Amino acid sequence: MHYIDPHIHMVSRTTDDYEAMREAGIVAVIEPAFWLGQPRTTVGSFKDYFSMLVGWERFRASQFGIKHYCTIGLNSKEANNEELAEQVMEILPQFLAKEGVVAVGEIGYDDQSEAEDKYFRLQLELAKEFELPVMIHTPHRDKKNGTLRSMDVIQEHGIPEHMVVIDHNNEETVKHVLDRGFWAAFTIYPKTKMSKMRMVNIVNTYGSEKIIVDSSADWGVSDPLSVPRTAAIMREHGIAEHHIHLTCYQNAITVYGQSGQFNESDWKQDHLVKQADLHQGNSVLRGQEAKEINFKNSIGD
Amino acid sequence: MGDRKLDFTKCVVGKMSPEEQDWLNVKMAAVKESARRFPIFFSQASRFIANDVPEWNTDEIQTLENIYPGFGSTDWTKRNLARTILICALDTNSDIQVLRVFFEIAEMNELVALYKGLFLLDNAADFSSQVKEGVRTNMVNVFDAICLGNPFAAAYLEDPAWNQLVLKAIFMERPLYKIQNIDQRRNKELADMLQDYIQERWAAKRTVSPEVWRLVHQYLREDVKQLILEKELEVLEKSAIETILDSNATVGEEFWNNIGKMNEINLN
């Protein structure tokens, strides 16, 4: 069984995580641009971060047999530093044009401040210009209102609902999101946000048609195996395979595939990651024994 | 446009589909007019140009080898060819500024195309510090773009930088026989560094690539000769070492290329 984690911040994760993820069946990940915990103070930090998402991190993932994609955007927290935000807006288009950039994101509200609103709207316009899907970060505080307001603004800007994933949903927001025709993603965290068992209930109630499971694993307490683990719990609780397939694999392809940059064929063929090719001080192996990992195609099994 | 750029562009455009040619012609014209949109066009090649490797006949390969020595020894995808054509469309007076800025934000596959294409520029020599920076990359495909089948390094890098490139290629276990002009750029300093490297590896009971001896040839030191006598050699290694020990042997490119190819087969 193969999985996609369509929201995970791999720059914060170790090579052990990559190995475990691939072992658990994750074949592709999407890494949304977000904040790093430590606020950035210059546009150069953003530039190098975005470059890392399309460069080094992509290469690092490839060494473990995982296809790495990303979304590019100015996150809502840092949108509040307006002087910096202006400069970041200037460099965004160049990165949005790059290969493997599957959406504008993650964008939306944090405090729901005026500055956040301004840059959210400007980036929605960029998504239209580049014909890319949008990944929406919904706020932790005042979540329900923040989510409703995000959807209002998206519709006001005329972006079709099928192009938008509203992320970090819970029981209070999911119905609104689905009723309005958006994709609803759920972040499965060990403690906060959403648990695996609650996810089982969500799928039992709302089905799988427009629901997506992700880990949002980052530098905080989080689990890079949330997607396969949630799938396992769903299976234990008798949820049908096609629901698991849609929520933990296929729906991500359907929505982000609209970018033209996210194709199953990218990872579907047999492939052999020969770590010896990427050996020593010049790879992430640092003189460890090079392993040969043969990943047979078993998608659709 | 310089002759090299022009000739390369002419050879390559015909391999694109009619739609791809239309896209490229429009973008080339726009880039010649102004470099402002160059970064976007260069990136968007991933959306408009296929990524397969075109087939060439012998004449075509010969022509391309004349323009770009080493062309035939690595795969050039249509997308890399198209991106190279876009680089060639830049005005020589401003290409250095435009590309310096773009290099900083180029993604992995873009870096590959950039490094592959630099040799064709009229002012290629102006990019040698960029290529030296590129050699420091840890992304293997980017390193390969600089190192294998690319005439830039041999043409424009000074010995210290060239030697670093070769050393790094050995550490990364890249096929040395695909490094353009590897024999012409042999030098004593490199041979000495490699003999120190051989001693270090053997002391740690580790192996070295049989291709390494290609660069030691004619510079073999007494201390290493001594070590060889005490060492049990592997087949390819033995063949390489016996050749450099025999002063009567005439060793050509062909011999070393075969060692490299056989070593590659062994590694796979």
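Nothing here was measured: the structure is a model prediction, and the numbers come from that model. (Residues numbered from 1 in each chain as written. Chains lettered and ligands numbered in written order. Predicted model: local features only at pLDDT ≥ 70, side-chain atom pairs only at ≥ 80, totals over all residues. Heavy atoms only, no water.)

Q: Help me understand the overall build of chain A in this model?
A: On a plain count of helices and strands, chain A comes out with 12 helices and 10 strands. Buried positions account for 58% of the 301 residues belonging to chain A. Residue pairs at least 24 apart in sequence account for 73% of intrachain contacts in chain A once pairs closer than 6 positions are excluded. Put simply, chain A shows about 11400 Å² of open surface, and 49% of that area lies on carbon and sulfur atoms. (Helix = DSSP H or I, 4+ residues; strand = E, 2+ residues; numbered from the N terminus. Buried < 20%, exposed > 50% of the residue type's maximum accessible area, 1.4 Å probe, protein only. Contact = heavy atoms within 4.5 Å. Areas by Shrake-Rupley, 256 points an atom, 1.4 Å probe, with all protein chains shown as cover.)

Q: For this particular structure, what's the right way to read the overall build of chain B?
A: The number of helices and strands found in chain B is 16 helices and zero strands. Radius of gyration (C-alpha) of chain B: 21 Å, near the 18 Å computed for a compact globule of 268 residues. Across its three principal directions, the C-alpha atoms of chain B cover 65 × 35 × 30 Å. When the 268 residues of chain B are sorted by exposure, 54% land in the buried category. (Rg over C-alpha atoms; globule rule 2.2 N^0.38 Å.)

Q: What should I look at first to understand the pairing of strand E3 (residues 67-72) of chain A in this one?
A: Successive side chains on a regular strand alternate, one facing one side of the sheet and the next facing the other. Residues and elements named next belong to chain A. Counted residue by residue, E3 has five buried out of six residues, so it is predominantly covered. Inspection of the sheet shows strand E2 (residues 26-32) paired to E3 by five bridges, in the parallel sense. By the bridge assignment for E3, Pro32 is matched with Thr71. Pairing between E3 and strand E4 (residues 101-108): three bridges, direction parallel. Pairing of Cys70 across the sheet is with Val101, part of E4. (Pairing = 2+ DSSP bridges.)

Q: Explain the pattern of salt bridges here, please?
A: Pairs may arise between side chains of opposite charge once their charged atoms sit close together. Taken as a whole and judged by the stated rule, the model has 34 salt bridges over all chains. Here Glu156(A) and Arg121(A) are joined by a salt bridge, their closest N and O atoms 2.9 Å apart. Linking Glu156(A) in helix H7 (residues 143-156) with Arg121(A) in helix H6 (residues 114-130), this pair joins segments that are 35 residues apart in sequence. Two residues, Asp196(B) and Arg221(B), come together in a salt bridge whose shortest N-O distance is 2.9 Å. Remark: Arg221(B) occurs in the loop between helix H13 (213-216) and helix H14 (222-229) and Asp196(B) occurs in helix H12 (residues 188-203); sequence separation between them is 25 residues. (Salt bridge = Lys/Arg side-chain N within 4 Å of Asp/Glu carboxyl O.)

Q: How should the sheet that holds strand E7 (residues 183-187) of chain A be read in this particular structure?
A: Adjacent strands of a sheet pair through backbone hydrogen bonds, lying either parallel or antiparallel. Residue and element names in this part refer to chain A. One open sheet accounts for eight strands, arranged E1-E2-E3-E4-E5-E6-E7-E8; its pairing is parallel. Each edge of the open sheet is held by one strand with a lone partner, namely strand E1 (3-5) and strand E8 (211-214). The sheet shows a mean angle of 25 degrees between the axes of neighbouring strands, direction not considered. Where E1 and E2 come together, three bridges link them in parallel fashion. If you follow Ile4 over to E2, its bridge partner there is Ala28. (Axes fitted to C-alpha atoms, helices over the stretch in contact; angles between N-to-C directions.)

Q: Teacher, can you tell me more about the nonpolar core here?
A: Soluble globular proteins tend to bury their nonpolar side chains together. Counting residues in each nonpolar core, the largest one holds 162 residues, and the members touching the most others are Phe50(A), Phe38(B), Leu99(B), Leu165(B) and Trp213(B). Apart from the residues within four sequence positions on either side, Phe50(A) is in contact with Ala33(A), Ile72(A), Gly73(A), Val88(A), Ile91(A), Leu92(A) and Phe95(A). (Core = buried A, V, L, I, M, F, W, Y, C linked by side-chain atoms within 4.5 Å.)

Q: Which parts of the structure should I look at to understand the state of the cysteines?
A: What is meant by a disulfide is a covalent connection between two cysteines, made through their sulfur atoms. Enumeration over the complete set of coordinates arrives at zero disulfides over all chains. Residue Cys88(B) stays outside any disulfide, its sulfur separated by 12 Å from that of Cys11(B), the closest cysteine. (Disulfide = S-S within 2.5 Å.)

Q: Sorry, what's going on with the packing of aromatic side chains here?
A: Here the structure, examined in full by the defined rule, presents 28 aromatic pairs over all chains. Through successive ring pairs, a cluster of aromatic residues spans Phe8(B), Trp56(B), Tyr68(B), Phe71(B), Trp76(B), Phe119(B), Phe152(B) and Tyr156(B). Sitting over the face of the ring of Tyr49(A), Arg40(A) holds its NZ or CZ atom 4.6 Å from the ring centroid. The cationic tip of Arg149(A) hangs over the ring face of Tyr109(A); the distance from NZ or CZ to the ring centre is 4.5 Å. (Phe/Tyr/Trp six-rings, centres within 6.5 Å; stacked < 30°, edge-to-face > 60°. Lys NZ or Arg CZ within 6 Å of the ring centre and 35° of its normal.)

Q: Explain the interface of chain B and chain A to me, please; I cannot follow it from the model alone.
A: Think of interface size as the accessible area that goes away when the parts come together; that is how it is often given. Across the contact, 29 residues belong to chain B and 26 residues belong to chain A. Summing both sides of the interface, chain B and chain A together bury roughly 2300 Å²; the carbon and sulfur share of this comes to 48%. When residues of chain B are sorted by the area they lose upon contact with chain A, Arg47(B), Ile105(B) and Asn138(B) head the list and together hold 26% of the total. At the junction of chain B and chain A, the tally comes to four salt bridges. Of the charged contacts, one joins Lys98(A) and Glu110(B) as a salt bridge, the two residues approaching to 2.6 Å between their closest N and O atoms. Looking at the side of chain B that touches chain A, the elements that each hand over two or more residues are helix H3 (38-48), helix H5 (78-88), helix H6 (95-105), helix H7 (108-117), helix H9 (140-147) and helix H11 (159-171) of chain B. (Buried area = accessible area lost by both parts, 1.4 Å probe.)

Q: I keep staring at the packing of helix H2 (residues 18-33) of chain B against H3(B) and nothing clicks. Help me out?
A: The angle between the axes and the distance between the axes are what describe a pair of packed helices. Residues and elements named next belong to chain B. Relative to each other, H2 and H3 sit at 175 degrees, their axes nearing to 11 Å. When the axes of H2 and H3 are compared, the pair comes out roughly antiparallel. Judged by residue contacts, Glu20, Trp23, Lys27, Ala30 and Val31 of H2 engage Phe38, Phe41, Gln44, Ala45 and Phe48 from H3. Counted by class, the contact of H2 with H3 contains seven nonpolar, one polar and two charged residues. (Parallel < 35°, antiparallel > 145°, perpendicular 65-115°, else oblique. Nonpolar A, V, L, I, M, F, W, Y, C, P; charged D, E, K, R; others polar.)

Q: Please explain helix H15 (residues 235-245) of chain B as it appears in this structure.
A: Since the α-helix turns once every 3.6 residues, residues separated by three or four places project in the same direction. Considered for burial, the residues of H15(B) that qualify are Leu236(B), Glu237(B), Ala240(B), Ile241(B), Thr243(B) and Ile244(B). The buried residues of H15(B) occupy an angular sector of 155 degrees when the element is viewed end-on, so they sit on one face. (Arc of directions from axis to C-beta.)

Q: Please explain helix H1 (residues 15-23) of chain A as it appears in this structure.
A: Residues and elements named next belong to chain A. Within H1, the full set of buried residues consists of Asp17, Tyr18, Met21 and Arg22. The buried side chains of H1 occupy one side of the element, clustering within an arc of 125 degrees when seen end-on. Seen from the open side of H1, the exposed residues pointing more than 90 degrees away from its buried face are Asp16 and Glu23. A side-chain oxygen of the first residue of H1 lies 3.3 Å from the backbone nitrogen of Asp16; this N-cap is Thr14. (Polar contact = N/O pair within 3.5 Å; in protein donor to acceptor, adjacent residues only side chain to side chain.)

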